[in-house]
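The residues making up each chain are set out below.
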Amino acid sequence: MPTAVQEAHAAHTTTGPGTVRVGDMTLGEGPPAVIGGAPGGADATSRPMGRWLSLRGHHGARDARRALTEERARWRGPLLVEPFSAADLPAIGDLADGVIVGAAWMQDFRLVRAAARLGLPMVVQRGPGATAQEWLAIVDYCAAEGNDRVVLCECGDRTRGAEHALNLGLMRAVRARSGRPVLVHLGTDAGLAGAAVAAGADGVLLAPEAGEETVAAAVEATALAAAVTVPTARRAAPRTVADARAQIDRVDAALAVLLERRAELAGVVQRLKPVGGFAGRDMERERRLVAAMARRAPRLGEARLARIMNAVIEAGLELAEQDRRRGTGR
Ligand SMILES: O=C(O)C(=O)C[C@]1(C(=O)O)C=C[C@@H](O)C=C1
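Residues numbered from 1 in each chain as written. Predicted model: local features only at pLDDT ≥ 70, side-chain atom pairs only at ≥ 80, totals over all residues. Heavy atoms only, no water.

A. Structural view of helix 6 (residues 168–178). For helix 6, every residue scored as buried is listed here: Leu170, Met171, Val174 and Arg175. End-on, the buried residues of helix 6 take up no more than an arc of 135 degrees, which puts them together on one face. Across helix 6 from its buried face, at more than 90 degrees, point the exposed residues Arg172, Ala176 and Arg177. Put simply, Asn167 is the residue that caps the front of helix 6, since its side-chain oxygen is 3.4 Å from the backbone nitrogen of Gly169. (Buried < 20%, exposed > 50% of the residue type's maximum accessible area, 1.4 Å probe, protein only. Helix = DSSP H or I, 4+ residues; strand = E, 2+ residues; numbered from the N terminus. Arc of directions from axis to C-beta. Polar contact = N/O pair within 3.5 Å; in protein donor to acceptor, adjacent residues only side chain to side chain.)

Structure representation (structure tokens):
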């Protein structure tokens, strides 16, 4: 059964780009992907959907086959690899699920073509300062080798002061123009993960060394952004019952994501308060949060919102008490 986030995101894809499968990850469909960062242990609540590895840092000094075999021992999921040179391609063909054409490689057409001939999905990064035209030219080089499984990745431009200025407008335009899934490279900072997805990205790339907390932040921000952007972005007035119901379904999918997150946070409060659960109920706090919501939902108004929020809050308290009894709370 699809999750609420997948349902919320489905609308994104009916008119969105084509899809590219990398191992068992589908880019351009379903929830936005988070690729890279700490693989997460058995008890991790958030894991990346895929990982990537660059062989460039070793300048060819490290044996690609050995590096990839080691990575495979740590990570069984989808693996993308950036070669240092054409010499790395046979190992990548045998052990990886996709190739990354790094931002610094954009002008190396021979390497791009040789990599495309592996037949694996390609993630083509935009080099600093490169125009949409130059970026999309790489896609044509891949296509010329019979490889149409291309994903684009916005990596930003170097600016004075800030090292990494992402161009989300360019990313959005290229996604629409090329009909291909697009990722945004965030490095070790997940702060723009939600903004990237809200701007239309199909996922984000984190630095391979990004820690578990960064992965968790990116997973949460991208899921929430996908859930809330899709229903509010499509405000065309529905004309039939089926249309209106389809739009309601998308809004409900977003609500489900938010309600799940709210329950999780309310559970944290129950564990931290001196008296948690129903016994520690704080009606003044509830009244204030309803009043604040009524300012955003004036047509529903305080009285109706109070009924809705009472049910939401009681469901959260029930769940928190159940978690406490079973010792399962996060
Ligand atoms: O803020 C608190 O004290 C909570 O316990 C959280 C919460 C909520 O779900 O928002 C739950 C119960 C309280 O009556 C008030 C608010």
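B. Inspection of the sheet that holds strand 5 (residues 79–82) at higher detail. If you trace the eight strands from one edge of the open sheet to the other, you get 3-10-9-8-7-6-5-4, paired in parallel fashion. Looking at strand neighbours, the two that pair on one side only are strand 3 (33–35) and strand 4 (51–54), the edges of this open sheet. The mean inter-strand angle of the sheet, taken between neighbouring strand axes irrespective of direction, is 25 degrees. With two bridges connecting them, strand 5 and strand 6 (residues 98–101) associate as parallel partners. Across the sheet, Leu80 pairs through a bridge with Gly98, a residue of strand 6. Strands in contact with helix 5 (residues 132–144) are strand 7 (122–125) and strand 8 (150–154); relative to strand 8, the strand with the most contacts, it is inclined by about 160 degrees. Sheet strands in contact with helix 6 are strand 8 and strand 9 (182–187), and its direction is about 155 degrees off that of strand 9. (Pairing = 2+ DSSP bridges. Axes fitted to C-alpha atoms, helices over the stretch in contact; angles between N-to-C directions. Contact = heavy atoms within 4.5 Å.)

C. Representation of the domain arrangement of the protein within the structure. The domain boundaries assigned to the protein delineate domain 1 (4–233) and domain 2 (241–326). Here domain 1 and domain 2 have C-alpha centroids that lie 35 Å from each other. (Domains from an automatic or database assignment.)

D. Region of interest: helix 2 (residues 64–74). Those residues of helix 2 lying buried are Ala64, Ala67, Leu68 and Glu71. Seen from one end, helix 2 has its buried residues packed into an arc of 95 degrees, which puts them on one side. When the buried face of helix 2 is taken as reference, the exposed residues oriented beyond 90 degrees from it are Arg66 and Ala73. Of the surrounding elements, those touching the buried residues of helix 2 are strand 4, strand 5 and helix 3 (89–95).

E. Spotlight on the site of the ligand. Around the ligand, the neighbouring residues are Arg262, Ala266, Val269, Gln270, Lys273, Arg281, Asp282, Arg285, Glu286, Leu289, Ile313 and Leu317. At a separation of 2.9 Å, an oxygen atom of the ligand approaches a polar side-chain atom of Lys273. Contact between the ligand and Asp282: an oxygen atom at 2.8 Å from a main-chain N or O atom of the residue. For the ligand, the protein covers 91% of the area, taking 360 Å² as the surface of the free molecule. Elements supplying a minimum of two residues to the shell around the ligand: helix 9 (241–272), helix 10 (283–296) and helix 11 (301–326). For the shell around the ligand, the element with the highest residue contribution is helix 9, accounting for four residues. (Near = heavy atom within 4 Å. Areas by Shrake-Rupley, 256 points an atom, 1.4 Å probe, with all protein chains shown as cover.)

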